Amino acid sequence: MLKYLKKYWIYCLLAPLFMLGELTMDLLQPDMMATIVDEGVLGGNLQVILQEGLRMMLLVLFGGTSGVLCGVFATFAALRFGNDIRKDLFARVMDFSFEQTDRFTTGSLITRITNDVTQMEQLVMMLVRSLVRCSVMFVGGIIMLYRQSPRFALVAACGLPFITVFVVFFLKKVSPLYTVIQKKLDRLNSIMQENIAGARVVKAYVKEDYELKHFSQANDELCDVNLRAQTILAFMNPCVNIVLNLCVVGVLYVGGYTVSQNGGITPGQTMAAITYLSLILMRIVFMANIFQTFTRASASWKRIKEVLETENVQQAGEGKQEAGRKGEIEFRHVSFAFPDTPDLPVLKDISFRVNPGETVAIIGSTGSGKTSLVQLIPRFYDVTQGEVLVDGVNVWDYPMQALRDKIGIVQQKTELFSRSIEENIRWGKEEAKESEVSRAARIAQAEDFILRMPEGYEAQVAEGGHSLSGGQKQRISIARAVIRDPEILIFDDSGSALDLKTEAALYDALNREFAETTKIVVAQRIASVRQADRILVLDNGEIRDSGTHEELLEHSAVYQEIYRSQMKREVTA
Ligand code: DCP
Ligand code: MG
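Caption draft 1: Representation of the packing of helix H2 (residues 9-41) against helix H3 (residues 46-95) in the model. Taken N-terminus to C-terminus, the directions of H2 and H3 make an angle of 160°; their axes are 7 Å apart at the nearest point. In this view, H2 runs roughly antiparallel relative to H3, as classed from their interaxial angle. In terms of crossing hand, the pair formed by H2 and H3 is left-handed. Within the contact of H2 with H3, the residues separate by chemical class into 24 nonpolar, ten polar and four charged.

Printed below as a string of structure tokens:
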């Protein structure tokens with residue numbers, strides 16, 4: 001945490017310095033008031049009232065200005081500090097591997113970047129403002145009280161232990177609740193995030209009430225814990241007030257008694273003593289507040305640190321001399337299980353080789369492991385056993401960027417950004433010329449529909465791509481991949497939302513324009529794979545058969561089965 005604060009040390013220093021100015025005002029004012037009362041009002045000296053009054057005005061002006069400056073510097077330090085942490089957190093999250101994002105969950109990561117950082121900002125604000133203010137006020141108050149009369153200080157000394165005991169007692173009860181509150185907030189945010197992002201599904205299933213109940217339950221739980229904490233704290237103030245009032249009575253008694261005995265204490269001093277006394281004793285309550293902020297912030301810091309200290313588990317290589325030809329892919333006895341389910345192998349002993357320029361299709365039923373298989377090539381996940389080689393080099397030996405630059409992948413779940421269509425396509429290659437953008441769109445069979453839109457390439461894509469049809473989204477993400485002109489193109493079920501004619505046109509264009517490029521096409525429809533040079537039939541994580549469409553029709557039982565079921569569907573349809 002200090003690392004982040006160090007940059008703003010000057011503000012962290014200036015804020016408390018100016019705070020001292022404000023404090024001087026708070027501490028001297030009651031003393032001046034005492035002089036006005038004793039010498040001016042009771043002594044009937046107008047001169048003193050005017051003089052002291054003027055001094056007090058100047059002091060207030062000075063104190064006020066200092067207060068404003070202190071606030072400005074403290075806010076600056078806190079907000080800049082938070083800003084830096086948020087930036088680092090975001091960068092770290094962007095660097096996470098798929099597995100790490102899965103493990104933290106999106107909801108929790110968002111809470112950490114927003115709510116937890118806010119808690120830290122409050123801590124900094126408090127450290128440079130309230131902590132200094134509180135301690136100086138406490139010590140200064142005692143000195144000033146002692147200056148009025150040591151007897152008053154004695155009264156304060158009697159009250160102090162009681163207040164401290166009360167405050168510590170209540171804090172002990174409240175502190176553990178803060179950890180609970182944070183967890184409940186996490187859950188509430190997760191539910192919210194899921195429901196707002198998935199609002200369309202919720203509506204489609206008319207599950208608004210159901211989800212509202214779900215949300216309300218989490219919301220109520222959060223509210224309950226918060227209420228419990230606040231109720232406990234509500235008891236604290238009256239208890240503190242009782243002690244405080246008893247002390248005031250004590251001061252009045254000591255003051256009154258001494259005044260009547262002409263013992264050197266004046267009414268003005270007694271008045272000032274009461275102000276100082278509440279000043280001191282209330283500091284204990286403020287300290288309690290500081291302590292609460294501290295507890296909350298330390299829970300937040302732990303969560304922030306967890307993210308900041310999570311290194312990407314995937315160690316990238318230094319880069320080796322490439323041994324194979326460009327666009328060559330080889331799987332050698334690859335087995336794979338997702339990190340959270342290590343006992344459930346998704347791919348088992350997969351071996352195959354794709355030659356440069358070859359088009360290899362992967363077909364298989366849903367859940368057979370097609371997506372998992374292609375995700376191993378750009379190292380979205382790492383193999384559990386065996387090796388994946390690109391251009392004759394193990395993917396582990398490439399620097400991450402070098403590896404991913406070779407590959408254009410269109411993922412099964414299309415993700416577009418809420419920017420213009422052009423920007424979305426150019427995303428694949430920032431420096432692409434306009435002609436390259438339109439070429440990519442043409443190959444992806446997207447140009448027609450883009451030009452039909454009133455704003456063409458400038459049309460804005462809504463969040464989550466909701467302003468486009470499924471097939472349109474797919475085609476824009478295909479354009480985004482092909483614009484990179486990579487060595488290897490991977491399409492994960494990318495034609496699934498296209499009609500057969502458009503899909504055929506897409507493959508024709510790809511074969512024409514990217515004849516040299518290695519292509520891996522994942523699909524569920526026979527029609528999508530029959531043109532491929534070779535088809536791999538994946539079944540339950542294993543390669544059952546491989547060959548051309550004709551060969552497979554002849555000897556692959558699984559392929560024949562898929563073929564028959566799809567033919568039957570087409571005939572009955
Ligand atoms: N799986 C998992 N954890 C993930 C993703 C998948 O445990 N993060 C499991 C679910 C499946 C298996 O892995 O049982 C294979 O999933 P794939 O996504 O690789 O399956 P396919 O791509 O073949 O299926 P589909 O045709 O539906 O896309
Ligand atoms: Mg899939």
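Caption draft 2: Spatial organisation of the coordination of the magnesium ion (ligand 2). Looking at the metal site, the magnesium ion (ligand 2) is ligated by Thr371 (OG1) and Gln412 (OE1), spaced 1.8 to 2.2 Å from it. On the criterion of sequence distance, the pair formed by threonine 371 in helix H10 (residues 370-375) and glutamine 412 in the loop between strand S6 (407-410) and helix H12 (421-426) is long-range, its members being 41 residues apart.

Caption draft 3: Focus on the environment of serine 175. With respect to the element layout, serine 175 can be found in helix H6 (residues 150-197). Through-space distance from the C-alpha of serine 175 to that of lysine 6 is 29 Å; in sequence the pair is 169 residues apart. Aside from chain neighbours lying at most four places away, what touches serine 175 is Phe291 and Thr295.

Caption draft 4: Seen up close, the pattern of salt bridges. On inspection of all chains with the given rule, the structure shows 28 salt bridges. Salt-bridge contacts for arginine 133 lead to aspartate 26; the nearest nitrogen and oxygen are separated by 3.0 Å. Taken together, the residues arginine 133 in helix H5 (residues 106-148) and aspartate 26 in helix H2 connect sequence positions 107 residues apart. Linking arginine 544 and aspartate 539 is a salt bridge whose minimum nitrogen-to-oxygen distance equals 3.2 Å. Owing to a relative accessible area of 21%, aspartate 539 belongs among the partly exposed residues under this scheme.

Caption draft 5: Quick peek at a negative patch on the surface. On the surface, a cluster of negative charge is contributed by Glu423, Glu434, Glu455 and Glu458. With respect to the secondary-structure elements, glutamate 458 resides in the loop between helix H14 (447-452) and helix H15 (470-482).

Caption draft 6: Region of interest: the sheet that holds S6. In spatial order, the strands read S6-S7-S8-S3-S9-S10; together these six strands make up an open sheet with mixed pairing. At either end of the open sheet lies a strand with only one pairing partner, and these are S6 and strand S10 (542-547). With direction set aside, neighbouring strand axes in the sheet form an average angle of 15°. Here strand S3 (residues 359-364) pairs with strand S9 (residues 534-539) via five bridges, running parallel. When the bridges of S9 are listed, glycine 364 appears paired with leucine 538.

Caption draft 7: Inspection of the domain arrangement of the protein chain at higher detail. By domain assignment, the protein chain separates into domain 1 (2-308) and domain 2 (329-572). Its C-alpha centre places domain 1 at a distance of 56 Å from the equivalent point of domain 2. Residue-level contacts link four residues of domain 1 with six residues of domain 2. Summing both sides of the interface, domain 1 and domain 2 together bury roughly 480 Å²; the carbon and sulfur share of this comes to 63%. When the buried surface of domain 1 facing domain 2 is broken down by residue, Phe98, Glu99 and Arg200 rank first, second and third, together holding 87% of it. Viewed at the interface, domain 2 and domain 1 are joined by one residue pair in polar contact (both at pLDDT 80 or more). Examining the composition of the side of domain 1 that touches domain 2, we find that three residues originate from one element, helix H4 (residues 98-104), more than from any other.

Caption draft 8: Structural context of the pairing of strand S4 (residues 385-390). The sheet contact formed by strand S1 (residues 329-337) and S4 spans five bridges and is antiparallel. Bridging from a neighbouring strand, arginine 332 pairs with glutamate 387 of S4.

Caption draft 9: The arrangement of the site of ligand 1 in detail. Every residue near ligand 1 is listed here: Phe338, Val346, Ser365, Thr366, Gly367, Ser368, Gly369, Lys370, Thr371, Ser372, Gln412 and Gln524. The separation between an oxygen atom of ligand 1 and a polar side-chain atom of threonine 366 is 2.7 Å. A distance of 2.8 Å separates an oxygen atom of ligand 1 from a polar atom in the backbone of glycine 367. With the chains in place, 65% of the 600 Å² that ligand 1 exposes on its own is no longer accessible. Ranked by residue count, the leading element in the shell around ligand 1 is H10, at three residues. Among the residues forming the shell around ligand 1, the class breakdown is two nonpolar, nine polar and one charged.

Caption draft 10: Structural view of the side chain of aspartate 492. Mapped onto the elements, aspartate 492 comes out in strand S7 (residues 488-492). The side chain of aspartate 492 is buried and forms no salt bridge, while lysine 370, the nearest opposite charge, is found at 6.7 Å. Only 2.8 Å separates the side chain of aspartate 492 from the side chain of threonine 371, close enough to count as a polar contact. What aspartate 492 contacts, discounting residues up to four positions off in sequence, is Thr371, Val374, Val410, Gln411, Gln412 and Val522.

Caption draft 11: Up close: the packing of aromatic side chains. Under the criterion given, the structure shown has 13 aromatic pairs. Here the aromatic rings of phenylalanine 417 and tryptophan 427 are separated by 4.8 Å at their centres, their planes lie at 20°, and the arrangement is stacked. Within this pair, whereas phenylalanine 417 is found in the loop between S6 and H12, its partner tryptophan 427 is found in the loop between H12 and helix H13 (434-443), the two being separated by ten residues in sequence. One aromatic cluster in this structure is built from Phe98, Phe336, Phe338, Phe380 and Tyr381. Note that arginine 103 overlies the ring of phenylalanine 104, its terminal NZ or CZ placed 5.7 Å from the centroid. Above the plane of the ring of tyrosine 210 lies lysine 207, whose end atom (NZ or CZ) is 4.8 Å from the centre.

Caption draft 12: Up close: unusual backbone geometry. The backbone of valine 206 shows a phi angle near 45°, a positive value even though the residue is not glycine. Its location among the elements puts valine 206 in the loop between helix H7 (199-204) and helix H8 (208-260). Taking the relative accessible area as the measure of exposure, valine 206 reaches 63% and is therefore exposed. Phi angles above zero are rare outside glycine, and aspartate 493 is one such case at about 55°. Topologically, aspartate 493 is positioned in the loop between S7 and helix H16 (500-513).

The rules behind these values
- Residues numbered from 1 in each chain as written.
- Chains lettered and ligands numbered in written order.
- Predicted model: local features only at pLDDT ≥ 70, side-chain atom pairs only at ≥ 80, totals over all residues.
- Heavy atoms only, no water.
- Axes fitted to C-alpha atoms, helices over the stretch in contact; angles between N-to-C directions.
- Helix = DSSP H or I, 4+ residues; strand = E, 2+ residues; numbered from the N terminus.
- Parallel < 35°, antiparallel > 145°, perpendicular 65-115°, else oblique.
- Left-handed = near helix turned anticlockwise from the far one by under 90°.
- Nonpolar A, V, L, I, M, F, W, Y, C, P; charged D, E, K, R; others polar.
- Donors = N, O, S within 2.8 Å, 3.2 Å for Na, K, Ca; no water.
- Contact = heavy atoms within 4.5 Å.
- Salt bridge = Lys/Arg side-chain N within 4 Å of Asp/Glu carboxyl O.
- Buried < 20%, exposed > 50% of the residue type's maximum accessible area, 1.4 Å probe, protein only.
- Patch = residues over 30% accessible without salt bridge, like charges linked within 9 Å, V, L, I, M, F, W, Y side chains within 5 Å.
- Areas by Shrake-Rupley, 256 points an atom, 1.4 Å probe, with all protein chains shown as cover.
- Lys, Arg positive; Asp, Glu negative; His and termini not counted.
- Charge placed at Lys NZ, Arg CZ, Asp CG, Glu CD.
- Pairing = 2+ DSSP bridges.
- Domains from an automatic or database assignment.
- Buried area = accessible area lost by both parts, 1.4 Å probe.
- Polar contact = N/O pair within 3.5 Å; in protein donor to acceptor, adjacent residues only side chain to side chain.
- Near = heavy atom within 4 Å.
- Phe/Tyr/Trp six-rings, centres within 6.5 Å; stacked < 30°, edge-to-face > 60°.
- Lys NZ or Arg CZ within 6 Å of the ring centre and 35° of its normal.

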